[in-house]
Amino acid sequence: MKLHEYQSKRLFEKQGVPIPSGAIASTPQEARDAAKQLGGRVVVKSQVLVGGRGKAGGIKLADGPEEAAAHAKAILGMRIKGLPVRKVLIDEAADIAQEIYLGIVVDRAARRAAMMASSEGGVEIEEVARVNPEAIKRVTIDPCLGLRGYQTLQLAKGIGLPKAQYRSFGRIAQGLYSAFTAYDASLAEINPLVMTGGGELLAVDGKMVIDDSALFRHADLAEMRDVEAEAPAEREARQAGLSYVKLDGTIGCMVNGAGLAMATMDIIKHFGGAPANFLDIGGGAQAERVAKALRLILEDESVAAVLFNIFGGITRCDEVARGILAAFEEVKPSVPLVARLVGTNEKEGRALLDASSYDLITAETLADAAQRAVAAAG
Amino acid sequence: MAILVDKDTRLLVQGITGREGEFHSTQMLDYGTQVVAGVTPGKGGARACDDRVPVFDTVAEAMAETGANASIIYVPARFAPNAIIEAADAGMDLVVCITEGVPVLDMIEVRAYLDHQGTRLVGPNYPGLLSPGQAKVGIMPGHIAAPGPVGVVSRSGTLTYEVVYALTNRGIRQTTCVGIGGDPIIGTDFIDALTLFEQDGETEQVVLIGEIGGTAEERAAEFIDEHMTKPVTAFVAGRTAPPGKRMGHAGAIIQGGTGTAADKIAAFEAVDVPVAEHPEQIADIVEGRAGL
């Protein structure tokens, strides 16, 4: 789950990371009041869960309350990469002498959290990694020992920070690591961490991604989820416990298991079609779940055919077939349907589908099923 | 021979009195696996699976009483880290964790502890281990596999079944099918499993099933090039996956341009590991590579 900049920065601040004074606004009037309160120059920053806000015109400097209100008015009406801007953050403008990057990720190969710093802040770290990888300094963190002072010193020295900033950099790095562990993050990032003309370090932007699997112990964070940032179908799917990702194609896919669902999308492409979605209905295939999934798929108007690919392992194919037929009773699909059931009791399952009154195309192999679905979708 | 589990494995089930635990324990017993003990805190003294398995309160007690040498974990995600650590602390050699949705930071701690103890973990978020004809440890459907010379290692569940089923139907049988799990932080990885298959006297070929996310496949390709004498055939799921979206598994996500199927396929092809375009092609390639 991604958090907004203002949410991330508030959590960083709780762990001792200095951030600019600021306030959140959802109307131009609130933006005006916030700017008045802060005094001086402010930055008006759109709060959307995508990168590239600045380039899209979603971040503007304002000299005073009136200008802040005008910028807020423009930005609050914008869509950035398809997402509507509902809130802006009004932050005191920082006096920027240098921009640094500081972030923590889960290093899957090292099986540890890794902290990265770079003297090239303010641009995406992936870009720096591609163009100038030597600029990124990295330490991995032993979960039993935590982030150690010598490690933050290595980073500070590695990115060429002046000696006078070593201590404050160390405190900020520790604060960021505390936030990372306290809130079960899979990513925590300050980009840029700004050094002001006066030599102070300040987290001007912040980003955090929370591990969905850990939300059970962070009820307060779970409430911060921006449900508007999800596609409506993805939100419905999440609430129903289904794993769904909308894609651009025309063939709806209903599959049990994530790996098999991806392989099914791939084989559709291989035979010249385009998948409309990723959908994993998970273990078992009760009628209710199948119906919910089918409704989601059919709500997408670009879907011209649906492919069911179910591997009956512990779940028997005849049970799955009954689930599918019961779901049809409820949903009444109007596009061609291709079903491939394989595994335990596959013959019984296929016979049930063949005997039904629905015009269902059955297939034995995945390759065959994919080709039939591609043909049916036109 | 087989890797990790065989007919001599004496299995302990943590969470045996839960719905999933009891169901799958019965399936494992019916397959012929020696399920010698179960653990559910507070239910010591009871018996599970129609009176076939004694239940203990702790792993240490169960090991002392029954000589269990491997443990499988079916407990819910929030209790799984504790269960894994308990098994390692009791001196268990092999711990397998089926549970999906264990928090990543918990797994980082668990991994650090297990490395320190020298315990082998397989999983979490995975379908288990199956050495056909010998032992089924997990939730894989036993009847889709048959004993033979091909090792299978995979990050996925039903996709593994699909591949194993296709292999078996073509008369290509298996030594052991190993699920390694779909999470970002796991125990046994591709390289560990490949090492075991390379050492195993009966395994003649290996099938590796990868997916998008992370760089485990790239590292496996490097390892195959440097250390494997046995032929490996690969498959990578997620060629059509968009960047930035989690495809079901917690670990299946393309981030910052890394973890794409294209990179993984290129890494395998660069070291002459053939990559199947779809699951059914795997059997064609394997068949063509040996006198099976």
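Note that the structure is a prediction, hence the values are computed from the model and not measured. (Residues numbered from 1 in each chain as written. Chains lettered and ligands numbered in written order. Predicted model: local features only at pLDDT ≥ 70, side-chain atom pairs only at ≥ 80, totals over all residues.)

### A few points about the domain arrangement of chain A
Reasoning step 1: Its domain assignment divides chain A into domain 1 (21-92), domain 2 (96-222) and domain 3 (230-377).
Reasoning step 2: One C-alpha centre belongs to domain 2 of chain A, the other to domain 3 of chain A, and the line joining them spans 43 Å. (Domains from an automatic or database assignment.)

### A few points about unusual backbone geometry
Reasoning step 1: Put simply, A:Asn191 and A:Pro192 share a cis peptide bond, and its omega is 10°.
Reasoning step 2: Within the secondary structure layout, A:Pro192 lies in strand β11 (residues 185-196).
Reasoning step 3: Residues B:Gly123 and B:Pro124 are joined by a peptide bond in cis, for which omega reads 5°.
Reasoning step 4: Although it is not a glycine, A:Lys81 adopts a positive phi angle of roughly 45°.
Reasoning step 5: Position of A:Lys81 among the secondary structure elements: in the loop between β5 (79-80) and β6 (83-84).
Reasoning step 6: The backbone phi angle of A:Arg111 is positive, close to 55°, even though this residue is not glycine. (Helix = DSSP H or I, 4+ residues; strand = E, 2+ residues; numbered from the N terminus.)

### Section: the domain arrangement of chain B
How big an interface is tends to be reported as the loss of accessible area on association of its parts.
All names here are of chain B.
Reasoning step 1: Assigned domains within chain B: domain 1 (10-122) and domain 2 (140-289).
Reasoning step 2: Look at where the C-alpha atoms of domain 1 and domain 2 centre, and you get two points 26 Å apart.
Reasoning step 3: Counting residues at the interface gives ten residues for domain 1 and seven residues for domain 2.
Reasoning step 4: Taken together, the elements giving at least two residues each to the side of domain 1 that touches domain 2 come down to α4 (104-117) and β7 (120-122).
Reasoning step 5: For the side of domain 1 that touches domain 2, the element with the highest residue contribution is α4, accounting for five residues. (Contact = placed C-beta atoms within 7 Å.)

### Side note on the packing of helix α9 (residues 258-270) of chain A against helix α5 (residues 158-169) of chain B
Reasoning step 1: Between α9(A) and α5(B), the shortest axis-to-axis distance is 5 Å and the interhelical angle comes to 70°. Overall, the two elements α9(A) and α5(B) adopt an arrangement that is roughly perpendicular. In this structure, α9(A) contributes A:Gly259, A:Leu260 and A:Ala263 to the contact, and α5(B) contributes B:Thr158, B:Leu159 and B:Glu162.
Reasoning step 2: Broken down by class, the residue content of the contact of α9(A) with α5(B) amounts to three nonpolar, two polar and one charged. (Axes fitted to C-alpha atoms, helices over the stretch in contact; angles between N-to-C directions. Parallel < 35°, antiparallel > 145°, perpendicular 65-115°, else oblique. Nonpolar A, V, L, I, M, F, W, Y, C, P; charged D, E, K, R; others polar.)

### Comments concerning the pairing of strand β12 (residues 205-211) of chain B
All names here are of chain B.
Reasoning step 1: Burial analysis of β12 places seven of its seven residues in the buried class, the great majority of the element.
Reasoning step 2: Side chains of β12 alternate between two faces, with Gln205, Val207, Ile209 and Glu211 and Val206, Leu208 and Gly210 buried alike.
Reasoning step 3: Pairing between β12 and strand β13 (residues 232-237): six bridges, direction parallel. The partner of glutamate 211 across the bridge, within β13, is alanine 237.
Reasoning step 4: Note on the crossover from β12 through helix α7 (residues 216-227) to β13: the handedness is right-handed. (Buried ≥ 20, exposed ≤ 12 C-beta atoms within 10 Å, placed from the backbone. Pairing = 2+ DSSP bridges. Right-handed = clockwise from strand over helix to strand, strands pointing away.)

### So, the packing of helix α10 (residues 287-299) of chain A against helix α11 (residues 317-331) of chain A
Residue and element names in this part refer to chain A.
Reasoning step 1: Following both chains from N to C, one finds α10 and α11 inclined at 55°, their axes separated by 8 Å at the closest point. By the angle class used here, α10 and α11 are oblique. The two elements α10 and α11 meet at a crossing, and its hand is right-handed. Residue-level inspection shows Ala287, Val290, Ala291, Leu294, Arg295 and Leu298 of α10 in contact with α11, the latter providing Arg322, Gly323, Ile324, Ala326, Ala327, Glu330 and Val331.
Reasoning step 2: The residue makeup of the contact of α10 with α11, split by class, is nine nonpolar, one polar and three charged. (Left-handed = near helix turned anticlockwise from the far one by under 90°.)

### Let's talk about the interface of chain A and chain B
Reasoning step 1: On the side of chain B, 48 residues touch chain A, which itself brings 45 residues to the contact.
Reasoning step 2: When residues of the side of chain A that touches chain B are traced back to their parent elements, those giving at least two are β9 (112-118), β14 (243-246), α9, β16 (277-280), β18 (337-343) and α13 (366-377) of chain A.
Reasoning step 3: The element that contributes the greatest number of residues to the side of chain A that touches chain B is α9(A), accounting for eleven residues.
Reasoning step 4: Taken together, the residues of the side of chain A that touches chain B sort by class into 23 nonpolar, twelve polar and ten charged.

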